[in-house]
Amino acid sequence: MAKVAVVYWSGTGNTQKMAEAVVEGAKGAGADVECFEVDSFSVDQIDGFDGLALGCPSMGAEELEEGSYEPFFAAAVDSGKLSGKPVVLFGSWGWGAGAWMETWSERTKEAGANLVDTFIVENEPDDEGIEGSKKLGAAIAGAC
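Residues numbered from 1 in each chain as written. Predicted model: local features only at pLDDT ≥ 70, side-chain atom pairs only at ≥ 80, totals over all residues. Heavy atoms only, no water.

- An unreviewed UniProt entry lists the protein chain under the name Flavodoxin, from Selenomonas flueggei ATCC 43531.
- Its UniProt record gives the protein chain the following Function (unreviewed entry) comment, quoted word for word: "Low-potential electron donor to a number of redox enzymes."
- Check the Cofactor (unreviewed entry) section of the UniProt entry for the protein chain; it says "FMN". (UniProt positions renumbered as here; feature names shortened; annotations may be inferred.)

Okay, structure coming up:
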């Protein structure tokens, strides 16, 4: 059974709702899933999981949240622990056009991760956003 970590940051609750749906989708696909807010997950824990679902909304000028998520992601990249690991990325945005996800995707690939898929929603996830998040969870479970 694949073991998946869902690691997210959410300021308004939108990305948290997506994370919960990713968990549901991964469990529905047969994975053993643990969900963490980024501040309660360390880079050292990555080795204990077969795959990662990473979630962060677009912040500022379309970038990852700077206080917790960016330092975590940068440390994960620098440690080499993403190399070869199946990863999906998700998050919500309220302005711009999703450029933060394109940048994040490129950084993830450059870190050597197996980027399985990405999923973004504008503002709060509606029924379609929840279903897309569940599909993303099933995708990471299937990639492990």
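## Things to note about helix α3 (residues 99–110)
- Given a rise of 1.5 Å per residue, 12 residues ought to cover 16 Å, and the 17 Å separating the end C-alpha atoms of α3 matches this to within 8%.
- For α3, every residue scored as buried is listed here: Trp100, Met101, Trp104, Ser105 and Thr108. Projected down its long axis, α3 shows its buried positions confined to an angular sector of 135 degrees, all on one face. Away from its buried face by more than 90 degrees, α3 exposes Glu102 and Glu110.
- Buried positions along α3 lie against β3 (51–55), α2 (69–79), β4 (86–93) and β5 (114–122). (Helix = DSSP H or I, 4+ residues; strand = E, 2+ residues; numbered from the N terminus. Expected span 1.5 Å × (residues − 1). Buried < 20%, exposed > 50% of the residue type's maximum accessible area, 1.4 Å probe, protein only. Arc of directions from axis to C-beta. Contact = heavy atoms within 4.5 Å.)

## Re the packing of aromatic side chains
- Counted by the stated rule, this structure contains 7 aromatic pairs.
- With centroids separated by 6.0 Å and ring planes inclined at 85 degrees, the aromatic side chains of Phe36 and Phe49 adopt a geometry described as edge-to-face. One end of the pair, Phe36, is in strand β2 (residues 32–37); the other, Phe49, is in the loop between β2 and β3, and 13 residues separate them in sequence.
- An angle of 85 degrees between the planes, with centres 6.0 Å apart, marks the rings of Phe73 and Trp104 as edge-to-face. Here Trp104 lies in helix α3 and Phe73 lies in helix α2, a separation of 31 residues in the sequence.
- By relative accessible area, which is 0% here, Phe73 ends up buried. (Phe/Tyr/Trp six-rings, centres within 6.5 Å; stacked < 30°, edge-to-face > 60°.)

## Remarks on the sheet that holds β4
- Taken together, 5 strands build an open sheet; the order of strands is β2-β1-β3-β4-β5 and the sheet is parallel. The open sheet has two free edges, formed respectively by β2 and β5, since each of these has just one partner strand. In this sheet, neighbouring strand axes are inclined to one another by 15 degrees on average, regardless of whether the strands run parallel or antiparallel.
- As judged from the 8 bridges shared by β4 and β5, these two strands associate in the parallel manner. Across the sheet, the residue bridging to Trp93 is Glu122, located in β5.
- Against the sheet, α3 touches β3, β4 and β5, its axis set at about 165 degrees to β4. (Pairing = 2+ DSSP bridges. Axes fitted to C-alpha atoms, helices over the stretch in contact; angles between N-to-C directions.)

## Focus: unusual backbone geometry
- The backbone phi angle of Asn123 is positive, close to 60 degrees, even though this residue is not glycine.
- Inspection of the secondary structure assignment puts Asn123 in the loop between β5 and α4 (127–143).
- Judged by its relative accessible area of 39%, Asn123 falls in the partly exposed class.

## Focus: the UniProt feature "domain: Flavodoxin-like" (unreviewed entry) in the protein chain
- Residues annotated by UniProt as "domain: Flavodoxin-like" (unreviewed entry) correspond here to residues 4–141.
- Summarising residues 4–141: 38% helix, 24% strand, and an end-to-end C-alpha distance of 7 Å.

## Points about the side chain of Ser133
- Locating Ser133 in the fold gives a position in helix α4.
- If we skip the residues at most four places from it in the chain, Ser133 touches Met18, Ala21, Val22 and Phe119.

## Some details on the pairing of β2
- Bridge analysis of strand β1 (residues 3–8) against β2 gives 6 bridges, and the strand direction is parallel. Bridging from a neighbouring strand, Lys3 pairs with Asp32 of β2.

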